Amino acid sequence: MSLNDAARGSVLMRSVQSRHAGDRTAVARLTLVALVLISLVALALSITTGASDASAINVIGALFSGAEDTALSMRDRIIVFDIRMPRALLGFLIGAALAMSGAVMQGLFRNPLADPALVGISSGSALGAVLMIVLGASLPAGVMIALGAFALPLAAFAGGLLTTLLLYRIATRGGQTSVATMLLAGIAISALAAAITGILIYMADDKQLRDITFWSLGSLSGMTWAKLFAAGPIMLVALLVVPFLSRGLNAITLGEAAAFHMGVKVQRLKYIAVVAVAGAVGASVAVSGGIGFVGIVVPHLLRIVIGPDHRYLLPASALFGGVLMLGADMLARTIVAPAELPIGIITALAGAPFFLWVLLRDRTRNGW
Amino acid sequence: MITAKNLTVSLSGKTIVHGVALEAKAGQLTAIVGPNGSGKTTTMKALAGELPSKGEITINGHALSALEPWQLAVKRAVLPQAATIAFPFTVREIVRLGLTVGPNRHAERIDAITTEALAAVDLSGFAGRFYQELSGGEQQRVQLARVLSQIWEPVLDDEPCFLMLDEPVSALDIRHQLTIMQLARRYCEGGGGVIAVMHDLNLTAMFADHMVMMRAGRIERAGRPADVMTDDAMEAVFGCRMRINGVPATGVPFVLPHTASA
């Protein structure tokens, strides 16, 4: 007799509830489709609106025809193709990379408050970037030429990777991650990275200071196709690799031992996840400076709607993160037009109170 | 069959399990009992492949160390002691993890098995509830349903599967203790094997085929409960002078699971 037969008897005895109670697969799929559509609209809006008066219809006409015979002037053409397009695409990629990194970190640390910026990964990446700006000149010329535009993203990536590994080593014991240790270690690591960054800034010459200042403003202005080609591939690879970790991350929410019991190669999963997060965050920090809270807000809101299943949460986070970043950027561009606000200010203004709300709401449940 | 020979486990430099040898046969419920800190859970974790150990462990004749996690996951499933989950999973989503994470041979029956596994642990109708909102005992049974769904067929490809349960009834009321022990029994009758770390000696006596008594990282006694549960063993293993089948002095009520009728 198999267990099924024994169990079946008792099932028939009871009134069987809705066959799909507790199943959020349909909602998750619907949300994903909606997010794809919203992403397309957000990208279109971001490319067609701005301080220039290039009208939406003309811009879209130009996008599709590609010919010279449209109503778009040469000036508008440059604005649309060389300023707005790389900015929109990079903004979307950065939002996607940050939000998905947040979701991965939270799954890996088994904690809804893990965020690349909050736990110091962004500071580590920033340190890497500043290190490259200040000390890059003293590297052998051949190395710098070989790295080219990739030097800054790679340095930020390395900084982020080291920080993530360090953080994981500190905060995890016996497969369990302590929230308090993680957040406090994040503060300490951020402070250390900031201190070393400070030393470097002190050492920097005038030109380097200018580079650092512009870079650290944390803004999407000054995005170019060159930056997109340098940082985009790293983020894109991370965005494409991470969804393959979904089932493993689902298992890890029950603990690393339980994930192993269910057939997951835990150590390998952790390394791939950490490298992907460091890559995504490092590349985004390299081009836009530190943009906080996207990684906490996006996955958290999505979990409320579609649940924590990473098979849907990861792609949905990427799309929603991209949309949110474009929205914040449009706000940043228009709120004090013709000047613009650094986007990091907007995400922090909205994100920090949200973080506090999550903290207060979860405090009772988790006994913090 | 799961066997261990000369099993030694050290954690942070301290040896917890000293040269243990045991056999857990398919079709049998093997219970490991002993005082706190005697190495029961550590032994179980080593058998599950979760802890590095010295000695030889085999599962159905395969060396444990040669099996990849996903190969192990279809031969044995493990119920850990209490687990907290930080994310708002529904009960159905938790149970489904047992079917979707590892190698999945039941793709078309996920919903059906989830429902049956919940019924087996007496949680029919709980599929839509949030795990975090359940009581400790209910959470323990949800986890058991997940573990059960992972190796739903007690025999797969002519090889028995094994449930490894670490204190499966520790958080349960007496009715559900019986429910879960009967479920383990049925798994054995279906051809699978069960290894359970137990604290309740009465339930162990009722349901175990083979009883392993551990003390200070070593096996003190092993055999059928009727053979090993003696006054002498109680004192040697637990350090308690007690009489097996003794009736207490009158005045203090007692109730034994043995007296339950269906």
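Residues take numbers from 1 onward in each chain, read along the sequence in its written order. Note on labels: chains are lettered from A, ligands numbered from 1, in written order. Per-residue local features of the predicted model are confined to residues with pLDDT of at least 70, and side-chain atom pairs are confined, for both listing and counting, to 80 or more; whole-chain, interface and lining totals are unaffected and use all residues.

Trainee: Before we go on, may I ask you to explain the overall build of chain B in this structure?
Mentor: By definition, any uninterrupted DSSP run of H or I lasting at least four residues is a helix, any uninterrupted run of E lasting at least two residues is a strand, and each is numbered from the N terminus. Scanning chain B from N- to C-terminus turns up nine helices and twelve strands. Computed over the C-alpha atoms, the radius of gyration of chain B is 19 Å, within 12% of the 18 Å expected from 2.2 N^0.38 for a compact globule of 262 residues. Considered along the principal axes of its C-alpha atoms, chain B spans approximately 55 × 50 × 35 Å. Here chain B holds 262 residues, and 48% of them are scored as buried. We call two residues in contact when the distance between their C-beta atoms, placed using the backbone, is within 7 Å. Sequence-distant contacts in chain B: of pairs separated by 6 or more residues, those separated by 24 or more amount to 67%. Two things to know: the radius of gyration comes from C-alpha atoms, and the globule rule equals 2.2 Å times the number of residues to the power 0.38. Partly exposed residues are those whose C-beta has more than 12 but fewer than 20 other C-beta atoms within 10 Å; 20 or more makes a residue buried and 12 or fewer makes it exposed, with C-beta atoms placed from the backbone.

Trainee: Help me out: how do you make sense of unusual backbone geometry in this one?
Mentor: With the exception of glycine, the majority of residues adopt a negative phi angle, and the majority of peptide bonds are in the trans configuration. Of note, D122(B) is a non-glycine position whose phi angle comes to about 65°, a positive value. Mapped onto the elements, D122(B) comes out in the loop between α4 (110-120) and α5 (136-150).

Trainee: I tried to follow the pairing of strand β9 (residues 162-166) of chain B on my own but got confused; where do I start?
Mentor: On any regular strand, side chains alternate: one points to one face of the sheet, the next to the other face. Residues and elements named next belong to chain B. The buried count for β9 comes to five of five residues, which makes it a mostly enclosed element. Side chains of β9 alternate between two faces, with F162, M164 and D166 and L163 and L165 buried alike. When DSSP finds two or more bridges between two strands, those strands count as paired. With four bridges connecting them, strand β6 (residues 76-79) and β9 associate as parallel partners. Within the sheet, the bridge partner assigned to R76 lies in β9 and is F162.

Trainee: Help me out: how do you make sense of the packing of helix α4 (residues 74-109) of chain A against helix α13 (residues 266-288) of chain A in this one?
Mentor: The angle between the axes and the distance between the axes are what describe a pair of packed helices. Residues and elements named next belong to chain A. Each axis is a line fitted through C-alpha atoms, taken for helices only over the stretch in contact, and angles between the N-to-C directions span 0 to 180 degrees. Closest axis-to-axis distance for the α4/α13 pair is 9 Å, and the angle between their directions is 145°. Crossing of α4 against α13: the hand is left-handed. In this structure, α4 uses L90, I94, A97, L98, M100, S101, V104, M105 and L108 to contact α13, whose residues at the interface are K270, A273, A276, V277, A280, V281, A283, S284, V287 and S288. Crossings are sorted by hand: turned counterclockwise from the far helix by less than a right angle, the near helix makes the crossing left-handed, and turned clockwise it makes it right-handed.

Trainee: Hey, could you run me through the interface of chain B and chain A in this one?
Mentor: When the parts of a complex come together, some accessible area is lost, and that lost area is often used as the size of the interface. Across the boundary between the two partners, chain B contributes 42 residues, which contact 37 residues of chain A. Elements with a contribution of two residues or more to the side of chain B that touches chain A: α2 (69-73), β6, α3 (91-100), α4 and α6 (174-189) of chain B. The dominant element in the side of chain B that touches chain A, judged by the number of residues it contributes, is α3(B), at six residues. Any residue that is not Ala, Val, Leu, Ile, Met, Phe, Trp, Tyr, Cys, Pro, Asp, Glu, Lys or Arg is counted as polar, Gly included; the first ten are nonpolar and the last four charged. For the side of chain B that touches chain A, the residue count by class is 23 nonpolar, eleven polar and eight charged.

Trainee: Teacher, can you tell me more about α4(B) here?
Mentor: Residues and elements named next belong to chain B. Of all eleven residues that make up α4, eight are buried, and the element is covered over most of its length. Among all positions in α4, only I113, T114, T115, E116, A117, L118, A119 and A120 are buried. Positive phi appears at D122, one or two residues downstream of α4, with a value of about 65°.

Trainee: Could you clarify how one ought to interpret the sheet that holds β6(B) in this entry?
Mentor: Whether parallel or antiparallel, the strands of a sheet pair through hydrogen bonds between backbone atoms. Residues and elements named next belong to chain B. Strand order in the open sheet made by the six strands is β6-β9-β10-β3-β11-β12, with mixed pairing throughout. Of all strands in the sheet, those with a lone pairing partner are β6 and β12 (218-223), marking the two edges. Across the sheet, the mean angle separating the axes of adjacent strands is 15° when strand polarity is ignored. Both strand β11 (residues 210-215) and β12 contribute to a ladder of five bridges, which runs antiparallel. Bridge pairing in β12 links M211 to G223. Packed onto the sheet, helix α1 (residues 40-47) meets β3 (29-33), β9, β10 (193-197) and β11 and runs at close to 145° relative to β10. Here α6 sits on the sheet in contact with β3, β9 and β10, set at roughly 150° to β10.

Trainee: In this structure, what is going on with helix α5 (residues 121-135) of chain A? I would like to understand it.
Mentor: One full turn of an α-helix is made of 3.6 residues, so residues set three or four places apart face in the same direction. Expected helix span is taken as 1.5 Å per residue step, with the number of steps being one fewer than the number of residues. For α5(A), with 15 residues, the first-to-last C-alpha span of 21 Å sits near the 21 Å given by 1.5 Å per residue. The buried fraction of α5(A) is high, at 13 of 15 residues.

Trainee: Sorry if this is basic, but what is going on with the nonpolar core here?
Mentor: One recurring pattern in soluble globular proteins: nonpolar side chains tend to sit buried together. Core analysis: the largest hydrophobic core is formed by 185 residues, its most contacted members being A97(A), M100(A), A129(A) and A184(B). If one sorts the elements of this core by residue count, α4(A) sits on top with 17 residues. The residues contacting A129(A), other than those within four sequence positions of it, are L152(A), A155(A), A156(A), G159(A), W215(A), V285(A) and A286(A). By convention the nonpolar core is taken to be a set of buried residues drawn from Ala, Val, Leu, Ile, Met, Phe, Trp, Tyr and Cys and joined through C-beta atoms within 7 Å.

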